[in-house]
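Residues per chain are reported as follows:
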Amino acid sequence: MKQPRLFSKPLLRSVHWTVHRLLPLAGYRLEIRRSGELKLGLWRKTLRKGEKGQKGAVRGSAASARRLVLIPGFGDTPLSWLGVMALLQPMLRSRFDELVLVDFPGFTGGLARERSFHSMDLLREKLFDSLDSLRPRMIVGHSLGGWLASAYVGLCGAGERPRIKHRSYSGPETLILADPSGVFGTESFRVEWEGRFRLVIEEGFHHLRPHVFGREPFWFKYLHEEIARFTQDEDIVAFMQSVRDEHWVEKLLPSIRSKVWLLWGEKDTLTPAELAPAWLEKLAPETDARVVLLKGVGHSPQLERPGLTAAVLSQMIGGAKGVLRHRAAGRWLTVVERA
């Protein structure tokens, strides 16, 4: 099996080592879903004990368990969300039986040694099959993860997912999308976005680096060269080149039947917050949807402002709309309602 070139570098080896030791210490267990030689990782954490109190059991039956699934962004690791998830534990335990963090192979997480999915079709198929079996009540997706999550929920609303029909499940109740990709709003932005990733393939990560954060954290300078090598890996390049028009989610948004929250960094320049109206416009009129803009935050809210991100997610998960609208919250965020 081909080994990604970036994994020979010490910093990403240490990240991989940390993921495999820190997540189990935090109560997660790794489950591997295979597709031929390719693997998809699911870090699963039981939030509530089974009805008989047995350790590690999910409350109720596997079919009825209440799950939240988190899907990270392009090249990201579940480790970047671990602080936010830790802050959310009291809320999560009150609402869900299990938390599941998706770990993509070849990215910087626990499966960094593994070969990446080299096409969007393969990645979608394996992820969506896994979501079919998990039957999550709520999905949180960031960036690429938001793109994939919205596509899956749109297919659920269109009746194409889950593939195996369940009388009690037709898709998640709630969808939270943080700085999501997959919608352009205008043709000019689509050309700009596609051109940026074309330059990343042809010339390197420096075309993407200014857009990863609103204000780059000091520690990223020690990691960016290894991330740059990740974007040049042959499977990752093949994945980026495999994206086609039918993968964009504009046409699926009217089919979404879940409640939708859009969480956006005001200073995001990779998928700008100006795209939020395009998402709201294309959702069905009856869809309960709103946008929360985080002030002073860029494309990576879980790393730039983990405390604020956790506080806002807690309100979204709990459905406390009024708290987000309170005038005191205006110092940190803005809530945008549908017209």
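Residues numbered from 1 in each chain as written. Predicted model: local features only at pLDDT ≥ 70, side-chain atom pairs only at ≥ 80, totals over all residues. Heavy atoms only, no water.

A.B. asks: Mind showing me how you'd approach the overall build of the chain here?
C.D. replies: When helices and strands are counted, the chain shows twelve helices and nine strands. Evaluated residue by residue, the chain yields a buried proportion of 58% over its 339 residues. Relative to all contacts within the chain whose residues are 6 or more apart in sequence, the contacts with residues 24 or more apart total 76%. Only carbon and sulfur atoms are counted for the fraction: they give 53% of the accessible area of the chain, which is about 14800 Å². (Helix = DSSP H or I, 4+ residues; strand = E, 2+ residues; numbered from the N terminus. Buried < 20%, exposed > 50% of the residue type's maximum accessible area, 1.4 Å probe, protein only. Contact = heavy atoms within 4.5 Å. Areas by Shrake-Rupley, 256 points an atom, 1.4 Å probe, with all protein chains shown as cover.)

A.B. asks: Can you walk me through the pairing of strand S4 (residues 98-103) in this structure?
C.D. replies: Across a regular strand the side chains alternate sides, sitting on one face of the sheet and then on the other. For S4, a buried count of six out of six residues is recorded, marking the element as mostly surrounded by other parts of the structure. Of the two faces of S4, the one holding Glu98, Val100 and Val102 and the one holding Leu99, Leu101 and Asp103 are both buried throughout. Relative to S4, strand S2 (residues 38-46) runs antiparallel, the two sharing six bridges. Within the sheet, the bridge partner assigned to leucine 42 lies in S4 and is valine 102. (Pairing = 2+ DSSP bridges.)

A.B. asks: Looking at this structure, I do not really get the environment of valine 200. What am I missing?
C.D. replies: With respect to the helices and strands, the residue valine 200 is situated in helix H6 (residues 187-203). Along the primary structure valine 200 and glutamine 232 are separated by 32 residues, whereas in three dimensions their C-alpha atoms are 8.2 Å apart.

A.B. asks: Sorry, what's going on with helix H4 (residues 120-134) here?
C.D. replies: Because each turn of an α-helix spans 3.6 residues, side chains separated by three or four positions end up pointing in the same direction. The end-to-end C-alpha distance of H4, which contains 15 residues, comes to 21 Å, matching closely the 21 Å that a straight helix rising 1.5 Å per residue would cover. Among all positions in H4, only Met120, Leu123, Arg124, Lys126, Leu127, Phe128, Ser130, Leu131, Asp132 and Leu134 are buried. Following H4 by one or two positions, arginine 135 has its phi on the positive side, about 50°. (Expected span 1.5 Å × (residues − 1).)

A.B. asks: I tried to follow the sheet that holds strand S1 (residues 29-35) on my own but got confused; where do I start?
C.D. replies: Within a sheet, neighbouring strands are paired by backbone hydrogen bonds and run either parallel or antiparallel to one another. Pairing in this open sheet of nine strands is mixed, and the strands run S1-S2-S4-S3-S5-S6-S7-S8-S9 from one edge to the other. Bordering the open sheet on either side are S1 and strand S9 (333-337), each of which pairs with just one other strand. The sheet shows a mean angle of 20° between the axes of neighbouring strands, taken without regard to direction. Contacts between helix H5 (residues 144-157) and the sheet are confined to strand S3 (67-71), strand S5 (138-142) and strand S6 (174-178), with S5 contributing the most and set at about 140° to the helix. (Axes fitted to C-alpha atoms, helices over the stretch in contact; angles between N-to-C directions.)

A.B. asks: Which parts of the structure should I look at to understand the packing of aromatic side chains?
C.D. replies: The geometry of an aromatic ring pair comes down to the distance between the two centres and the angle between the two planes. Tallying each qualifying case throughout the model produces 17 aromatic pairs. Consider the rings of phenylalanine 74 and phenylalanine 239, whose centres lie 6.4 Å apart with planes at 15°: the pair is stacked. With phenylalanine 74 in the loop between S3 and helix H2 (82-87) and phenylalanine 239 in helix H8 (residues 234-241), this residue pair connects regions lying 165 residues apart in the sequence. The class of phenylalanine 74 is partly exposed, set by a relative accessible area of 24%. By relative accessible area, phenylalanine 239 is classed as buried at 5%. Between tryptophan 147 and tryptophan 248, the aromatic rings sit 4.7 Å apart at their centres with planes inclined by 20°, giving stacked as the arrangement. Separated by 101 residues along the polypeptide, tryptophan 147 in helix H5 and tryptophan 248 in the loop between H8 and strand S7 (259-265) bring together distant segments of the chain. (Phe/Tyr/Trp six-rings, centres within 6.5 Å; stacked < 30°, edge-to-face > 60°.)

A.B. asks: Just to check I follow, could you spell out the packing of H4 against H5 for this structure?
C.D. replies: For any two helices packed against each other, the geometry comes down to the angle between their axes and how far apart the axes lie. Look at H4 against H5: their axes get within 11 Å of each other, and the N-to-C directions meet at 60°. Every pair of crossing elements has a handedness; the one defined by H4 and H5 is right-handed. Where H4 approaches H5, its residues Met120, Leu123, Arg124, Leu127, Phe128, Leu131 and Asp132 are matched on the opposing element by Leu144, Trp147, Leu148, Ala151, Tyr152 and Leu155. When its residues are assigned to classes, the contact of H4 with H5 shows eleven nonpolar, no polar and two charged. (Left-handed = near helix turned anticlockwise from the far one by under 90°. Nonpolar A, V, L, I, M, F, W, Y, C, P; charged D, E, K, R; others polar.)

A.B. asks: Please clarify how the pairing of S7 should be interpreted in this entry.
C.D. replies: When you tally the buried positions in S7, you get seven out of seven residues, the bulk of the element. Every second residue of S7 is oriented toward a common face, with Lys259, Trp261, Leu263 and Gly265 on one face and Val260, Leu262 and Trp264 on the other, all of them buried. By the bridge criterion, five bridges tie S6 to S7 in an arrangement that is parallel. Paired with leucine 177 across the strands is leucine 262, a residue of S7. At this point the chain moves from S7, through helix H9 (residues 276-282), to the parallel strand S8 (residues 289-294), and the crossover so formed is right-handed. (Right-handed = clockwise from strand over helix to strand, strands pointing away.)

A.B. asks: Where do I start with the nonpolar core in this structure?
C.D. replies: What tends to happen in soluble globular proteins is that the nonpolar side chains get buried as a cluster. Ile71, Phe104 and Leu127 are the most contacted members of the largest nonpolar core, which has 67 residues in total. Setting aside its immediate chain neighbours within four residues, leucine 127 contacts Leu40, Ile71, Val102, Phe104 and Leu148. Judged by nonpolar contacts, the second largest core, of 36 residues, contains Phe96, Met138, Val140 and Leu324. (Core = buried A, V, L, I, M, F, W, Y, C linked by side-chain atoms within 4.5 Å.)

A.B. asks: What exactly am I supposed to notice about a nonpolar patch on the surface here?
C.D. replies: A cluster of nonpolar side chains, Phe218, Trp219, Tyr222 and Leu303, forms an exposed patch at the surface whose accessible area comes to about 440 Å². Following the sequence through the fold, tryptophan 219 ends up in the loop between H6 and helix H7 (224-232). Look at tryptophan 219 and you get partly exposed, because its relative accessible area is 32%. (Patch = residues over 30% accessible without salt bridge, like charges linked within 9 Å, V, L, I, M, F, W, Y side chains within 5 Å. Salt bridge = Lys/Arg side-chain N within 4 Å of Asp/Glu carboxyl O.)

A.B. asks: What is the right way to read the packing of H7 against H8 from this model?
C.D. replies: Remark: H7 packs on H8, axes separated minimally by 5 Å, with the N-to-C direction vectors making an angle of 60°. The orientation of H7 relative to H8 falls into the category oblique. Listed contacts from H8 to Phe230, Thr231 and Gln232 of H7 are Glu234, Ile236, Val237 and Met240. For the contact of H7 with H8, the class distribution of residues is four nonpolar, two polar and one charged. (Parallel < 35°, antiparallel > 145°, perpendicular 65-115°, else oblique.)

A.B. asks: Is there a simple way to think about H8 in this case?
C.D. replies: Those residues of H8 that sit buried are Asp235, Ile236, Val237, Phe239 and Met240. Backbone nitrogen of aspartate 235 and a side-chain oxygen of the N-cap are separated by 3.0 Å at the start of H8; the cap is aspartate 233. (Polar contact = N/O pair within 3.5 Å; in protein donor to acceptor, adjacent residues only side chain to side chain.)

Any functional reading would require information that these geometric values do not contain.
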